[in-house]
Amino acid sequence: MPFPLSAKAGRAAAAAVSAVAAGVLAFGGAEAAASPFPVPPLTETAAAGTEGLDPLLALAYTMAEREAHAAGVPMWINSGYRSPAEQQAMWEDGLRTYGTPEETRRWVLPPEESTHVTGRAVDIAPRDGAAWLEANGNRWGLCRTFDNEWWHFELVTLPGTACPARVPDAAHR
Ligand SMILES: [Zn+2]
């Protein structure tokens, strides 16, 4: 058993997390009101570019970006959620650029495999901001995942714990 929680407690914990995320990201809207957990009337707005992302990633990134900006570090999302059609266009573009599916996969994955399409990845700019996030992002669970993409981050660890080892590139997933 991965967690020392009953199934009921696990579901309640998941609902609480969802309620908090929804409260922050949707201004305590209908979803938050329907939750059995009280959500304070939050006024924070989600960071630009978080539309369509997994709410937990949107929340983690919003908190990280706020901290970076407070420290004077420039940071923004260059690319977050992508529709399957957008990812397909990027994949076809990649095939033209890199020639073979094997080489293309190092830089861009087809829609059915991309974590951008499932709303679970963000590409960060500029380089200074990405470097800051690489050094500090684990405080919110955010980690750089590929050696060859300094800009690509995912929510892959528990807040405050170490990031998992990176893989060389997206083809190694
Ligand atoms: Zn990416």
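Nothing here was measured: the structure is a model prediction, and the numbers come from that model. (Residues numbered from 1 in each chain as written. Predicted model: local features only at pLDDT ≥ 70, side-chain atom pairs only at ≥ 80, totals over all residues.)

Asks: An account of the overall build of the protein chain is needed here, citing residue identities and associated values.
Replies: Across its full length, the protein chain carries six helices and four strands. Secondary structure elements of the protein chain, listed N to C terminal, follow the sequence α-α-α-β-α-α-β-α-β-β. Per-residue burial over the protein chain gives 31% buried out of 173 residues. Sequence-distant contacts, at least 24 apart, represent 50% of the contacts inside the protein chain between residues at least 6 apart. (Helix = DSSP H or I, 4+ residues; strand = E, 2+ residues; numbered from the N terminus. Buried ≥ 20, exposed ≤ 12 C-beta atoms within 10 Å, placed from the backbone. Contact = placed C-beta atoms within 7 Å.)

Asks: Tell me what's going on with the environment of Asp 128, and back it up with residues and numbers.
Replies: Here Asp 128 is to be found in helix 6 (residues 127-136). Considering only alpha carbons, one finds Asp 128 and Pro 74, 54 residues apart in sequence, at a separation of 6.9 Å. Beyond its immediate stretch of four places on either side in the chain, Asp 128 contacts Val 73 and Pro 74.

Asks: Describe helix 6, naming the residues involved and giving the relevant values.
Replies: Within helix 6, the full set of buried residues consists of Gly 129, Ala 130, Trp 132 and Leu 133. Here the buried residues of helix 6 occupy an arc of 160° about the axis, which is enough to place them on one side. Exposed and oriented more than 90 degrees from the buried face of helix 6 are Arg 127 and Ala 135. Residues of helix 6 that are buried sit in contact with helix 3 (55-70), strand 1 (76-79), strand 2 (122-125), strand 3 (142-144) and strand 4 (152-155). (Arc of directions from axis to C-beta.)

Asks: Requested: an account of helix 4 (residues 84-98), with residues and values cited.
Replies: Compared with the 21 Å implied by 1.5 Å per residue over 15 residues, the 20 Å span of helix 4 between its first and last C-alpha is a close match. With its phi angle positive at about 90°, Gly 99 sits one or two positions after the end of helix 4. (Expected span 1.5 Å × (residues − 1).)

Asks: Quick one: what's the story with unusual backbone geometry, residue by residue and with numbers?
Replies: Residue Pro 126 follows Ala 125 across a cis peptide bond; omega there is -15°. When you line up the elements, Pro 126 lands in the loop between strand 2 and helix 6.

Asks: Account for the sheet that holds strand 4, with residues named and values stated.
Replies: Ordered by their spatial adjacency, four strands build an open sheet running 1-2-4-3, and the pairing between neighbours is antiparallel. Of all the strands in the sheet, the pair left with one neighbour each is strand 1 and strand 3. Sheet twist, expressed as the mean angle between neighbouring strand axes with direction ignored, is 45°. Sheet topology places strand 3 next to strand 4; three bridges connect them, and they run antiparallel. Its bridge partner lying in strand 4, Leu 142 is registered against Leu 155. Contacting strand 1, strand 2, strand 3 and strand 4, helix 6 crosses the sheet at an angle of about 120° to strand 2. (Pairing = 2+ DSSP bridges. Axes fitted to C-alpha atoms, helices over the stretch in contact; angles between N-to-C directions.)

Asks: Tell me about the nonpolar core, and name the residues and values.
Replies: Ala 60, Tyr 61, Leu 133 and Leu 142 are the most contacted members of the largest nonpolar core, which has 23 residues in total. For this core, the secondary-structure elements that each account for two or more residues are helix 3, strand 2, helix 6, strand 3 and strand 4. Examining the composition of this core, we find that seven residues originate from one element, helix 3, more than from any other. (Core = buried A, V, L, I, M, F, W, Y, C linked by C-beta atoms within 7 Å.)

Asks: Explain the confidence of the model for the protein chain to me, using residue names and the numbers behind them.
Replies: Low-confidence regions, as indicated by low pLDDT, have predicted coordinates that should not be scrutinised in detail. For the protein chain, the mean per-residue pLDDT works out to 84, and 75% of the residues sit at or above 70. Confidence over residues 1-17 falls short of pLDDT 50; this stretch has eight contacts with residues more than four positions distant or in other chains. A low-confidence stretch, residues 19-32 stays under pLDDT 50, and its non-local contacts, those more than four residues away or across chains, total 30 contacts. (pLDDT = per-residue confidence, 0-100.)

Asks: If you had to explain the environment of Asn 78 to someone new, which residues and values would you point to?
Replies: In this structure, Asn 78 sits in strand 1. Here the alpha-carbon distance between Asn 78 and Gly 49, two residues 29 residues apart in the chain, equals 7.6 Å. In this structure, Asn 78 is in contact with Asp 123, Ile 124, Ala 125 and Trp 151, ignoring residues within four places of it in sequence.

Asks: Tell me about the environment of Tyr 61, and name the residues and values.
Replies: With respect to the helices and strands, Tyr 61 occurs in helix 3. Put simply, Tyr 61 and Glu 154 are 93 residues apart on the chain and 9.5 Å apart in space, counted from C-alpha to C-alpha.

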